[in-house]
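Residue-level structure breakdown
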Amino acid sequence: MDILGEILKQVLEGAAQQQQPQQRAPQPQQRAPQPQQRAPQPQQRAPQPQQGGGEGMPSVNDLQDIFTQIFGGGGAQKLPDVVKQFEEKGMRDEVDSWVRTGPNKPVDRRQIEDVFGRGQIDEMARGCNVDREKLAEVLSKYLPRIIDELTPGGQLPQRRG
């Protein structure tokens, strides 16, 4: 598997495990049906489509597609371009913290929208049937960690060709 795929697998599987308890929280104890209730009322809840990850979250597969698009495929060919986009938007300190070793500085969803543009975020959000703001929030959480994992030596890889 390619390097981006391996990193995404690690990061996003951890995210999916963190989301599961939130999505599948145990329901409070419900009373047993009373004997006089013969026919239960049909439930009105339809099955949720699996496009999104539930509760407005993109699925792991959607996030893999989005990060592959952002980084230009499995070899993360666009990593230097992504870093440059953050630098050009005045976030050199933040992105340097992700590339170098040490703690990662956070970014928020508005900064993500500024870097990638609302149009691109909207397009990616529509593709996975989630809200643009929620997607930008998710990207703000995982992009620093993914860039950090793509630069284990504290430096951007050398461009080829």
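Just above, that's the structure.
Residues numbered from 1 in each chain as written. Predicted model: local features only at pLDDT ≥ 70, side-chain atom pairs only at ≥ 80, totals over all residues. Heavy atoms only, no water.

1. Digging into the nonpolar core
This is how the line gets drawn: The definition of a nonpolar core used throughout is a set of buried Ala, Val, Leu, Ile, Met, Phe, Trp, Tyr and Cys residues joined through side-chain atoms within 4.5 Å. We call a residue buried when its accessible area falls under 20% of the maximum for its residue type, exposed when it is over 50%, and partly exposed in between, using a 1.4 Å probe and counting protein chains only. Numbering of helices and strands starts at the N terminus; helices are DSSP runs of H or I of at least 4 residues and strands are runs of E of at least 2. The criterion used for residue contact is that any of the two residues' heavy atoms lie within 4.5 Å.
Counting residues in each nonpolar core, the largest one holds 38 residues, and the members touching the most others are Phe67, Phe71, Phe86, Leu139 and Ile146. Elements with a contribution of two residues or more to this core: α1 (3-23), α2 (60-71), α3 (79-88), α4 (92-99), α5 (109-116), α6 (118-127) and α7 (132-150). Among all residues touching phenylalanine 86, those that are not within four sequence positions of it are Met91, Arg92, Val95, Trp98, Ile112, Val115, Phe116 and Leu143.

2. Comments concerning the pattern of salt bridges
Inclusion rule: Any carboxyl oxygen of Asp or Glu within 4 Å of a side-chain nitrogen of Lys or Arg constitutes a salt bridge here.
One pass over the structure, following the stated rule, counts nine salt bridges. One salt bridge in this structure joins glutamate 87 and arginine 92, with 3.5 Å as the shortest N-O distance. For glutamate 87, a relative accessible area of 24% gives the class partly exposed. For arginine 92, a relative accessible area of 47% translates into the label partly exposed. Salt-bridge contacts for arginine 132 lead to aspartate 122; the nearest nitrogen and oxygen are separated by 3.0 Å. Of this pair, arginine 132 sits in helix α7 while aspartate 122 is found in helix α6, placing the two residues ten residues apart along the sequence. Of the residues examined, arginine 132 reaches a relative accessible area of 16% and is grouped as buried. A relative accessible area of 26% means that aspartate 122 is categorised as partly exposed. Here the salt bridges do not stand alone but share partners, grouping Arg109, Glu113, Asp122 and Arg132 into one network.

3. Some remarks on the packing of aromatic side chains
Stated formally: Centres within 6.5 Å are what make two rings of Phe, Tyr or Trp a pair, Trp counting through its six-membered ring; a difference in plane orientation under 30 degrees is then read as stacked, over 60 as edge-to-face, and the rest as tilted.
Enumeration over the complete set of coordinates arrives at two aromatic pairs. On the basis of an interplanar angle of 80° and a centroid distance of 5.0 Å, the ring pair of phenylalanine 86 and tryptophan 98 is categorised as edge-to-face. Here tryptophan 98 lies in helix α4 and phenylalanine 86 lies in helix α3, a separation of twelve residues in the sequence. Across this residue pair, the class does not change: phenylalanine 86 and tryptophan 98 are buried. Relative to phenylalanine 116, the ring of phenylalanine 86 lies with its centre 6.0 Å away and its plane at 85°, an arrangement referred to as edge-to-face. You can see phenylalanine 86 sitting in helix α3 and its partner phenylalanine 116 sitting in helix α5, a full 30 residues away along the chain. The buried category is assigned to phenylalanine 116, whose relative accessible area is 7%. Through a chain of ring-to-ring contacts, three or more aromatic side chains come together here, namely Phe86, Trp98 and Phe116.

4. So, the side chain of serine 97
Defined as follows: Definition of a polar contact: a pair of N or O atoms within 3.5 Å, with one able to donate and the other able to accept a hydrogen when the atoms are protein atoms, and with sequence-neighbouring residues admitted only if both atoms are side-chain atoms.
By the element assignment, serine 97 lies in helix α4. Among the polar contacts made by the side chain of serine 97, one reaches the main-chain amide nitrogen of lysine 105 at a distance of 2.8 Å.

5. So, α5
The test is simple: Of all possible arcs, the one meant is that of the directions from the helix axis to the C-beta atoms.
All of the buried residues along α5 are Ile112, Glu113, Val115 and Phe116. For α5, the buried positions fall inside an angular range of 165° around the axis, keeping them on one side. For α5, the secondary structure elements touched by its buried residues are α2, α3, α6 and α7. Its side-chain oxygen placed 3.0 Å from the backbone nitrogen of arginine 110, aspartate 108 serves as the N-cap of α5. Where α5 terminates, the next one or two residues include glycine 117, which has phi positive at roughly 90°.

6. Examining unusual backbone geometry
Even without a glycine there, the phi angle at alanine 76 is positive, about 55°. Here alanine 76 is to be found in the loop between α2 and α3. Here the phi dihedral of asparagine 129 falls at roughly 60°; this positive angle occurs in a residue that is not glycine. Positionally, asparagine 129 belongs in the loop between α6 and α7.

Everything listed is a geometric property; what it means functionally is a separate question.
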